[in-house]
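These are the residues of each chain, in order.
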Amino acid sequence: MAPRKRPENQKTPEVVVRPKSKRNRSPRELEPEAKKLCVKGPGSSRRFDSGLWAGLASLRVPPLCSSIVRALHQHKLGTAAWPSLQQGLQQSFLNSLASYRIFQKAAPFDRRATSLAWHPTHPSTLAVGSKGGDILLWNFGIKDKPTFIKGIGAGGSITGMKFNPLNTNQFFTSSMEGTTRLQDFKGNTLRVFASSDTCNVWFCSLDVSVKSRVVVTGDNVGHVILLNMDGRELWNLRMHKKKVTHVALNPCCDWLLATASVDQTVKIWDLRQVRGKSSFLHSLPHRHPVNAAHFSPDGAQLLTTDQKSEIRVYSACQWDCPPSLIPHPHRHFQHLTPIKASWHPRYNLIVVGRYPDPNFKSCSPHELRTIDVFDGSSGKIMYQLYDPESSGIMSVRPGPSNNKWEEAGIQPHGSKMTNYSSHALLLLPPLPPHAHPLVSAAQ
């Protein structure tokens, strides 16, 4: 019998070879299978993800992006732990800093800038306060004229700013005018939360908790006041012997409060158990007055900056253990906005402006006024930013690009760094797609 002719449109049956167990195969052997599964069509989401990441790994991408793609791919395949992935992303960010350049400048004030707040939902919008009480709402993504709110001039210095998390068309300010208040973008005062009623007492800092719906503010004679969002005072206690320079609520445990003071201490408080000045959980003595105390985005560490040449990192689970000490020149004087080291919102990095000090032991001749980036774990300096067009003293802080920072402690779309030492503002945007813009001020 003659063999039957096979129809031309009939496909050869596919022979399925059962592969070795995934546990016995290397990532290189897994990649081809992942690509085939992706091409074959719908399957489980796990298979699709494998194909997606394998496909991304095979793309030709710029060198700075390739390390991110590789780290994500290895983590997806289970060959890289989360800390390794974070380290890879952090290193890629550090590499991108070499591309930062000045993009925009603005000189809206006749006195130096003293405070800044990023808008929580508009990443290109920030509010800046000056020593004269002026406030600028600046959207550097558009060419429209910025909103300018005129201050009272001398004695009206804005010492702290926070956007209202419940209504982002409003913001809180503390000032040397002697008030902590809620304002809108038209300059209207919506509510006065605290008022000293005397020119000898003013408010130096503030913070806001979304979860607990409270506002906390500190003054120049050592008092800290806790209020609810309706303006009702919960308590008003003298917690320090001298001026309270900074108050900060822990982003994860908002009942945990840190206060810094020129009495050379930083104190940790449980808002649920405050009974008086001696009811603190921990007192962290310093050798010099302290400018700031910032909790890390995950709430696990506390970063403090003194008024001389020392940055400290404390662990939240071991307050009594010796902290990590980072020698750094940032001396304080009256006509300079205090330099305050801050955390990067995504990575374990510390950002701070350098003010060279001839008496600092490692000072070199003609040392530049740079923006320094330190590793938060090792204390090692990782990068120094400098531009000849902005050679002033830098007082730097990272700022959020969207509302994910406060809620989750991360920034999926990047971050910005801000300098507010004087009246000039500089915007340093990223050149590569994944880099981070930087806003700063030079004096």
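Residues numbered from 1 in each chain as written. Predicted model: local features only at pLDDT ≥ 70, side-chain atom pairs only at ≥ 80, totals over all residues. Heavy atoms only, no water.

The name given to the protein chain in an unreviewed UniProt entry is DNA damage-binding protein 2, with the source organism recorded as Bison bison bison. Per UniProt, the protein chain has the following entry under Pathway (unreviewed entry): "Protein modification; protein ubiquitination." What UniProt states about the protein chain under its Sequence similarities (unreviewed entry) heading is, verbatim, "Belongs to the WD repeat DDB2/WDR76 family." (UniProt positions renumbered as here; feature names shortened; annotations may be inferred.)

Enquirer: What is the right way to read the overall build of the protein chain from this model?
Expert: The helix and strand inventory of the protein chain stands at five helices and 29 strands. Looking at the protein chain residue by residue over its 443 residues, the buried ones come to 50%. In the protein chain, the share of contacts with a sequence separation of at least 24, taken over all contacts with a separation of at least 6, comes to 46%. Summed over all atoms, the accessible surface of the protein chain reaches about 22700 Å², with 52% contributed by carbon and sulfur. (Helix = DSSP H or I, 4+ residues; strand = E, 2+ residues; numbered from the N terminus. Buried < 20%, exposed > 50% of the residue type's maximum accessible area, 1.4 Å probe, protein only. Contact = heavy atoms within 4.5 Å. Areas by Shrake-Rupley, 256 points an atom, 1.4 Å probe, with all protein chains shown as cover.)

Enquirer: Please explain unusual backbone geometry as it appears in this structure.
Expert: Note: most peptide bonds trans; most residues except glycine with negative phi. Even without being glycine, Arg213 reaches a positive phi, approximately 55°. Considering the arrangement of structural elements, one finds Arg213 in the loop between strand S10 (203-209) and strand S11 (214-219). Since its relative accessible area comes to 44%, Arg213 is described here as partly exposed. For His366, which is not glycine, the phi dihedral falls at a positive 60°. Topologically, His366 is positioned in the loop between strand S23 (349-353) and strand S24 (371-375).

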